[in-house]
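These are the residues of each chain, in order.
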Amino acid sequence: MRPSRLFVALAIGIGAVSALLSGTPAVAQTAMKMNISLAQNSHYGVAVDTFAKEVERRTNGRYKIQNFYAGALGAERESIEGVQIGTLDITLTSTGPIPNFVPEVAILDIPFLFRDYAQARAVLDGPIGQDLLQKFPAKGIVALGWAENGFRHMTNSKHAVNAPDDLRGLKMRTMENPIHIQAYKQFGILPTPMAFTEVFTALQQGTVDGQENPLSVITAAKLDQVQKYLSLTGHVYSPALILMNKGQWDKLSALDKQAFLDSAREAIKVNRARVDEDEGKAVADLRSKGMNVVEAVDKAKFQASLAPVYAEFGKRFGQENIDRIRNYR
Ligand code: EAX
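Residues numbered from 1 in each chain as written. Predicted model: local features only at pLDDT ≥ 70, side-chain atom pairs only at ≥ 80, totals over all residues. Heavy atoms only, no water.

Things to note about the overall build of the protein chain
Across its full length, the protein chain carries 13 helices and nine strands. Based on the C-alpha atoms only, the size of the protein chain along its principal axes is roughly 90 × 45 × 30 Å. Put simply, the protein chain has 329 residues, and 53% of those count as buried. Of the roughly 14,400 Å² of accessible surface on the protein chain, a fraction of 55% belongs to carbon and sulfur atoms. Taking the 38 positively charged and 34 negatively charged side chains of the protein chain as two groups, their mean positions are separated by 4 Å. (Helix = DSSP H or I, 4+ residues; strand = E, 2+ residues; numbered from the N terminus. Buried < 20%, exposed > 50% of the residue type's maximum accessible area, 1.4 Å probe, protein only. Areas by Shrake-Rupley, 256 points an atom, 1.4 Å probe, with all protein chains shown as cover. Lys, Arg positive; Asp, Glu negative; His and termini not counted. Charge placed at Lys NZ, Arg CZ, Asp CG, Glu CD.)

Okay, structure coming up:
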């Protein structure tokens, strides 16, 4: 005999109430893994922790983000590969390795492309940046938004860098980024691309003389312990991205898709606020830890020394596209 509708309704009701009382979610909860290359106490760490909190709240517990820090699930290139093939659900990463997946994004890695943080954020949040995000789904990746790594500066263990010629002959770790490598060679640097997770040890052992990174990264990774000299070259603005596996994205309801996008937006707000906070105090902090900091860098000289590669970048990306970003107001 089929149980009466009343009996079925009662059974479901009792099940839901008991689940509620026992604290277990009444609905199935899907767990997703998210990985970053930096420590939790960093401009990336605050972003992914906010993202996790917001996703669980905005989906009423239907989704739970499990965060991994300091490259626990791999370096940035591995994380992007993992998101692409589905072995990792989400990552927050710099655009360093991105040209290997979405070549069009490489235009953003051109040295001295952006004037300041306000302009960089406006370009990325505006039509130019949003159009670039649309290039990701065809590669199996959904970009939930532009986060921020920051303006990159040069550090090394050999001598102070005041002018481009001071870089000549230095063995510098670079990101696995073809634009950076091409440009840094023009400075006379001997580039050694490697994952960030290997950088501290490489500097400690003297495998490389130096590296370049935003103040937020230099601080979070405690690079003052293995680097003596810092020059505020600000030679490249390094964007970051929140990337999600497209298969996982496609499974989300329309409501939950919006919840993930809104959570990414909140994460990016705290990420950028932490960069602003780090930028305001990192120089004094690093000096107090013994770093020799050159603040008054003649950026025009560094930019002028790159003239030959700018000609090549103009051909590769279209000078009008570069100028559109450079002149963006
Ligand atoms: O994204 O590889 C790098 O130098 C990056 O700036 C770092 O992993 C943070």
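A few points about the packing of aromatic side chains
Across all of its chains, the model carries eight aromatic pairs by this definition. When the ring of Tyr117 is compared with that of Phe151, the centres are 4.9 Å apart and the planes differ by 85°; the resulting orientation is edge-to-face. One end of the pair, Tyr117, is in helix α4 (residues 117-125); the other, Phe151, is in strand β4 (residues 141-156), and 34 residues separate them in sequence. The class of Phe151 is buried, set by a relative accessible area of 9%. Each ring, one from Phe187 and one from Phe302, has its centre 5.9 Å from the other, and the planes form 75°; the classification is edge-to-face. Placement of the pair is Phe187 in the loop between α6 (178-186) and β6 (190-193) and Phe302 in helix α11 (residues 299-304), with a sequence separation of 115 residues. The same class applies to Phe187 and to Phe302, which are both buried. Ring-pair connections join several aromatic residues into one group, and the members of that group are Phe114, Tyr117, Phe151 and Tyr237. (Phe/Tyr/Trp six-rings, centres within 6.5 Å; stacked < 30°, edge-to-face > 60°.)

Some words on the pairing of β4
Extensive coverage of β4 is indicated by the burial of 16 of its 16 residues. Sheet topology note: the β4/strand β8 (residues 229-245) ladder contains 13 bridges and is antiparallel. Bridging from a neighbouring strand, Gly145 pairs with Ile242 of β8. Where β4 lies against strand β7 (residues 210-213), four bridges are found, and the strand directions are antiparallel. When the bridges of β7 are listed, Thr155 appears paired with Gln211. (Pairing = 2+ DSSP bridges.)

Here's the deal with the site of the ligand
Residues in contact with the ligand, as listed here, are Ser37, Tyr44, Glu76, Ser94, Asn149, Arg152, Arg173, Met175, Phe196 and Asn213. Note that an oxygen atom of the ligand is positioned 2.8 Å from one of the side-chain N or O atoms of Asn149. Side-chain polar atom of Arg173 to an oxygen atom of the ligand: 2.7 Å apart, as the coordinates give it. With the chains in place, 98% of the 270 Å² that the ligand exposes on its own is no longer accessible. The residue inventory of the shell around the ligand, partitioned by class, reads three nonpolar, four polar and three charged. (Near = heavy atom within 4 Å. Polar contact = N/O pair within 3.5 Å; in protein donor to acceptor, adjacent residues only side chain to side chain. Nonpolar A, V, L, I, M, F, W, Y, C, P; charged D, E, K, R; others polar.)

A closer look at α6
Among the residues making up α6, those that are buried are Ile179, His180, Ile181, Ala183 and Tyr184. Against the buried residues of α6 lie β4, β5 (171-174), β6, β7, β8 and α12 (307-317). The opening residue of α6, the one whose side-chain oxygen lies 3.0 Å from the backbone nitrogen of Ile179, is Asn177. Just downstream of α6, Gly188 is the residue with a positive phi angle, here 95°. (Contact = heavy atoms within 4.5 Å.)

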